[in-house]
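Inside the fold
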Amino acid sequence: SPGVYDEDWLDALDYVVARAGEHGLKLVLTLTNYWDAYGGMEEYVKWANDANETAGLSITEFYTSEAIRDMYRSNFLALKDRVNTYTNLTYANDPTILAWELANEPRNPGDFTGEVLQGWIAEMSQFVKDHAPNQLVTSGSEGFFGPSTLQYMYLNGNGTFDHKQYTAQMCTGVDFLTNHDETTAIDLPSFHLYPDHHAEELCGRGAPASDCALQWARAQTEARLRLASQVLGKPLYLGEFGKMKHPLMEGTLDAQVVYRNRLYSQVYNMIQQSAVDAFDEESQEFSNAVGVGGGSTFWMLASPEYKDYDNFTVYSGGNGPSLPPPWVPSMEAVATQSDFRNYREEQECVAKVLGQHPDWTDHHWFVAGRDADEWYDTVRRMEEDDRVYTRKFTSGHHPEYTFTFDPAIAEKWYLDASTVALIQNHASNMNQLARLNKHNWWG
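Not measured: the values here are computed from a predicted model.

What follows concerns the overall build of the protein chain. Tallying secondary structure elements over the protein chain gives 14 helices and 14 strands in all. Within the protein chain, the proportion of its 443 residues that are buried is 52%. Put simply, of all contacts in the protein chain between residues at least 6 apart along the chain, 76% involve residues at least 24 apart. For the protein chain, the accessible area works out to roughly 20,100 Å², and carbon and sulfur atoms hold 51% of it.

Structure representation (structure tokens):
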């Protein structure tokens with residue numbers, strides 16, 4: 001309930017922050033979640049309405065209700081003033097905490113103007129900055145394009161709740177440029193990059209989607225690097241990106257990892273090059289006038305004890321402890337979440353917008369090419385007749401899911417280590433670039 005905190009949970013967070021500091025890591029702490037995982041905005045709205053479920057309620061109230069905004073501010077103050085049990089520092093005075101993220105992937109579906117979410121980001125970013133001035137602030141946004149950048153609307157891609165009905169991301173309530181401009185106190189403009197989700201209708205999933213999805217990801221990143229540099233003058237933060245991998249998905253398992261590695265490499269190269277281009281060899285400093293690729297956080301790294309819930313997990317030294325079927329939500333959950341998150345209003349808004357601007361779904365950036373199963377660097381799997389068979393993924397809502405795979409691969413396959421090596425190399429490169437910068441972010 002509001003204002004009541006779980007001390008065991010907070011002690012565990014204290015420990016994470018303390019250990020991160022010991023290892024020289026920086027953290028970005030997220031203050032709430034648009035999605036229902038961990039409660040998030042949904043819980044705030046239920047609290048404000050003294051409700052146990054979301055029936056008849058809307059996500060929009062999270063941004064517009066003064067009572068909810070008060071709860072949000074109070075929870076932030078409680079956390080930033082907390083004294084860490086292990087370091088004896090308040091969270092607001094701990095340099096291990098690089099930044100505060102206002103919310104994970106905030107949206108206000110159905111609102112093409114983006115005014116509601118913009119007002120909330122402007123208000124809350126300033127509030128957080130006023131009370132934690134030594135730390136950075138980021139929005140946590142997926143960074144969809146909105147009315148301020150109509151020339152990039154064709155890049156927004158499509159989303160789906162149920163892998164059946166796709167909705168062009170034209171009315172999410174998000175506007176990348178405006179949400180991070182000078183009317184806010186945002187230090188790090190944010191976007192997320194998931195070809196398996198937002199380019200799924202055009203490209204598909206799995207290895208056969210690879211060439212298309214890599215082109216989509218490059219176009220997405222280039223556009224935001226350009227805006228961050230030329231318009232916002234702030235370092236771009238790729239808050240999440242990733243590639244699904246599962247033996248039940250299309251394409252060989254090893255090809256999926258080669259595709260994932262190429263996505264990681266492409267993202268890392270673009271961020272590193274952006275930083276290098278902004279570095280002045282003569283002065284040995286970065287230009288203050290140029291927004292650069294500030295950094296990225298992939299989704300996600302886990303120990304073998306952690307289940308691969310969404311098929312994005314990277315495991316060091318192995319393929320993880322379990323491989324559940326590719327994630328598909330239940331229709332009941334889809335219906336509940338769709339109503340609360342204004343899905344009907346969003347569809348109506350998209351239909352109206354695309355009726356006026358059909359060119360916004362013109363994917364002129366795409367040039368057909370070869371996919372991961374055909375790439376020269378794909379490690380061919382052993383196809384032995386006695387080990388390859390068809391396993392049907394059974395679901396009342398998705399009975400047509402049928403895949404062929406080798407069940408023995410998951411037990412002996414260690415290509416996740418190649419992705420870990422890419423991550424470590426990028427971290428080392430970015431650490432060297434950071435040492436070149438004479439400016440200290442703290443304060």
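With that settled, consider the sheet that holds strand β7 (residues 236–241). Strand order in this open sheet of 3 strands is β6-β7-β10, and the pairing throughout is parallel. For this open sheet the edge positions go to β6 (190–193) and β10 (293–296), each flanked by a neighbour on one side alone. If you compare each strand with its neighbour and ignore which way they point, the axes differ by 25 degrees on average. Direction of pairing for β6 relative to β7: parallel, over a ladder of 4 bridges. Counterpart to Ser-190 in the pairing with β7 is Tyr-237. Taken strand by strand, helix α9 (residues 210–232) contacts β6, β7 and β10, and its axis lies near 175 degrees from that of β6. Those strands touched by helix α10 (residues 253–277) are β6, β7 and β10, and its axis lies near 150 degrees from that of β10.

Together, Tyr-15, Val-16 and Tyr-86 give the surface a local cluster of nonpolar side chains, amounting to about 300 Å² of exposed area. Structurally, Tyr-86 can be placed in the loop between α4 (66–80) and β2 (97–101).

Time to look at the state of the cysteines. Applying the stated criterion to the full structure yields 2 disulfides. Paired by a disulfide, Cys-171 and Cys-349 hold their sulfur atoms 2.1 Å apart. The disulfide joining Cys-171 to Cys-349 has a torsion of about -75 degrees about its S-S bond and is therefore left-handed. Here Cys-171 is found in the loop between β5 (166–168) and α6 (176–179), whereas its partner Cys-349 is found in helix α12 (residues 343–356), with 178 residues between them in sequence. Neither Cys-171 nor Cys-349 differs from the other in exposure class; each is buried. Here Cys-203 pairs with Cys-212 through a disulfide, and the sulfurs are 2.0 Å apart. Every disulfide takes its handedness from the sign of the S-S torsion; for Cys-203 and Cys-212 that torsion is -60 degrees, giving left-handed. Cys-212 matches Cys-203 in its accessibility class, with the two residues each being buried. Here the cysteine-cysteine linkages of the protein chain are recorded as 1-4, 2-3, numbering only bonded cysteines and doing so in sequence order.

Okay, the nonpolar core next. In this structure, Phe-145, Leu-155, Met-170, Leu-193, Phe-241 and Val-267 are the most contacted members of the largest nonpolar core, which totals 53 residues. Mapped by element, the contributors of at least two residues to this core are α6, β6, α9, β7, α10, α12 and α14 (416–436). If you tally residues by element for this core, the top one is α9, at 11 residues. Leu-155 has contacts with Phe-145, Trp-216, Ala-219, Gln-220, Ala-223 and Trp-365, leaving out every residue within four places of it along the chain. The next biggest cluster of nonpolar side chains, apart from the first, holds 38 residues, and it includes Ile-59, Ile-97, Met-124 and Phe-340.

Once that is clear, we can look at α4. Helix length check: α4, at 15 residues, gives a terminal C-alpha distance of 21 Å against a target of 21 Å (1.5 Å per residue), a fit within 8%. Among all positions in α4, only Ile-68, Arg-69, Met-71, Tyr-72, Arg-73, Asn-75, Phe-76, Leu-79 and Lys-80 are buried. Buried residues belonging to α4 abut α1 (7–22), α2 (40–48), α3 (60–64), β2 and α5 (115–131). Regarding α4, its N-cap is Ser-65, as a side-chain oxygen of that residue lies 3.3 Å from the backbone nitrogen of Ala-67 further along.

Okay, the pattern of salt bridges next. Taken as a whole and assessed by the stated rule, the structure comprises 16 salt bridges. A salt bridge links Arg-69 to Glu-123; the nearest nitrogen and oxygen atoms lie 3.1 Å apart. In this pair, Arg-69 is assigned in helix α4 and Glu-123 in helix α5, connecting sequence segments 54 residues apart. Note that Arg-73 and Asp-70 form a salt bridge whose closest N and O atoms lie 2.5 Å from each other. Of this pair, Arg-73 and Asp-70 both sit in helix α4, 3 residues apart, which is roughly one turn of the helix. Overall, Arg-73 belongs to the buried group, its relative accessible area being 12%.

Definitions and limits used
- Residue positions are given per chain, counted from 1 along the sequence in the order it is written.
- Reporting of local features is limited, given that this is a predicted model, to residues whose pLDDT is at least 70; pairs of side-chain atoms are given and counted only at 80 or more, and all residues count toward the totals for whole chains, interfaces and linings.
- In computing side-chain values, all of the structure's heavy atoms are included and hydrogens and water are not.
- Under the scheme used here, helices are H or I runs from DSSP no shorter than 4 residues and strands are E runs no shorter than 2 residues, and both carry numbers assigned from the N terminus.
- Per-residue accessibility, obtained with a 1.4 Å probe over protein chains only, is compared with the maximum for each type, and a residue is labelled buried under 20%, exposed over 50%, and partly exposed between these values.
- Note on contacts: a residue pair is in contact if any heavy atoms of the two residues lie within 4.5 Å.
- Where accessible areas are quoted, they stem from the Shrake-Rupley method and a 1.4 Å probe; at the residue level, only the protein chains shown are allowed to cover.
- Any two strands with at least two DSSP-identified bridges between them are counted as paired.
- Axis angles are defined between N-to-C directions and span 0 to 180 degrees, where every axis is a line fitted to C-alpha atoms and, for a helix, only to the segment in contact.
- Excluding any residue in a salt bridge, patches collect residues exceeding 30% relative accessible area, merging like charges within 9 Å and nonpolar Val, Leu, Ile, Met, Phe, Trp and Tyr side chains within 5 Å.
- Each reported salt bridge corresponds to a side-chain nitrogen of Lys or Arg within 4 Å of a carboxyl oxygen of Asp or Glu.
- A pair of cysteine sulfur atoms is labelled a disulfide when the two atoms are within 2.5 Å.
- Only buried Ala, Val, Leu, Ile, Met, Phe, Trp, Tyr and Cys residues count toward a nonpolar core, and they belong to the same one when joined by side-chain atoms within 4.5 Å.
- One less than the residue count of a helix, multiplied by 1.5 Å, gives the span that helix is expected to have.
- What qualifies as a polar contact is a pair of N or O atoms within 3.5 Å, subject to a donor-acceptor requirement within protein and to the restriction that residues adjacent in sequence count only when both atoms come from side chains.

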